[in-house]
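One letter stands for each residue in the lines below.
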Amino acid sequence: GVPAASGVSEGAGDARELFADRGSVFEVEMITPDKRECEVGARADGTRLYDECGIKKEAVPAKVSAAALKVAPGGEIVEVERKEGDGVIEYSVELTNAAGMHYIKINENGEVIWHGLDAEVTAQLAERLVGQGVNEFISATKRCSRQAIL
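Let us look at the structure shown here.

Conventions we followed
Note on numbering: residues in each chain are counted from 1, in written sequence order. Per-residue local features are limited, in this predicted model, to residues with pLDDT of at least 70; the limit for side-chain atom pairs, both in listing and counting, is 80 or more; totals at the level of whole chains, interfaces and linings are taken over all residues. The basis for every side-chain value is the complete set of heavy atoms in the structure, and neither hydrogens nor water enter the calculation. Every helix listed is a DSSP run of H or I at least four residues long, and every strand listed is a run of E at least two residues long, numbered separately from the N terminus. Categorising residues by exposure relies on relative accessible area from a 1.4 Å probe, with only protein chains included: less than 20% of the type maximum marks a residue as buried, more than 50% marks it as exposed, and the intermediate range marks it as partly exposed. The contact criterion used throughout is that any non-hydrogen atoms of two residues lie within 4.5 Å. Here, two cysteine sulfur atoms that lie within 2.5 Å of each other are counted as a disulfide.

Residue position: Glu-90 is located in strand 6 (residues 88-97). Accessibility expressed as a relative area gives 17% for Glu-90, which makes it buried. Discounting residues that sit within four places of it in the chain, Glu-90 has contacts with Glu-81, Arg-82, Lys-83, Lys-105, Ile-106, Asn-107 and Ile-113.

Here it is as structure tokens:
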């Protein structure tokens, strides 16, 4: 986990988020003494809910990387965060491939919990592919992107 507040080397910011299952959660972003970027989530009463820290690509468990690449074949991992709280560990993986920017949540057993595709990034990639004979793909992608935005 993240060290107690006395171990914080630098504050980076804070936010309040509303979750369907947890209600209001206050997140504090920080950089730890070992230079990890982390968020600590807590309730207004100070109850700590989770720690979420960025991890290096080399530190991502093999089954997590494999699960992400199965969802988005040929992808390149851009960022990974490890979230721990309530006895649960999950990974948020961002990666890009020909279809766009993927956001994937994976549990510690390598099971995909959630997968989303960034509609704006996907539409931009589709525009770049116009001259490459994939007009049908582009039309379908734009329709999906517009629906995701609406």
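Let us now look at the environment of Arg-16. When you line up the elements, Arg-16 lands in strand 1 (residues 10-19). Sequence separation between Arg-16 and Phe-26 is 10 residues; the distance between their C-alpha atoms is 4.4 Å. Aside from chain neighbours lying at most four places away, what touches Arg-16 is Ser-24, Val-25 and Phe-26.

Tallying each qualifying case throughout the model produces one disulfide. Residue pairing for Cys-38: its cysteine sulfur links by disulfide to Cys-53, the two sulfurs lying 2.1 Å apart. Between Cys-38 and Cys-53, the disulfide has an S-S torsion of 110° and is therefore right-handed. Linking Cys-38 in strand 3 (residues 37-42) with Cys-53 in strand 4 (residues 48-55), this pair joins segments that are 15 residues apart in sequence. Each member of the pair, Cys-38 together with Cys-53, is buried.

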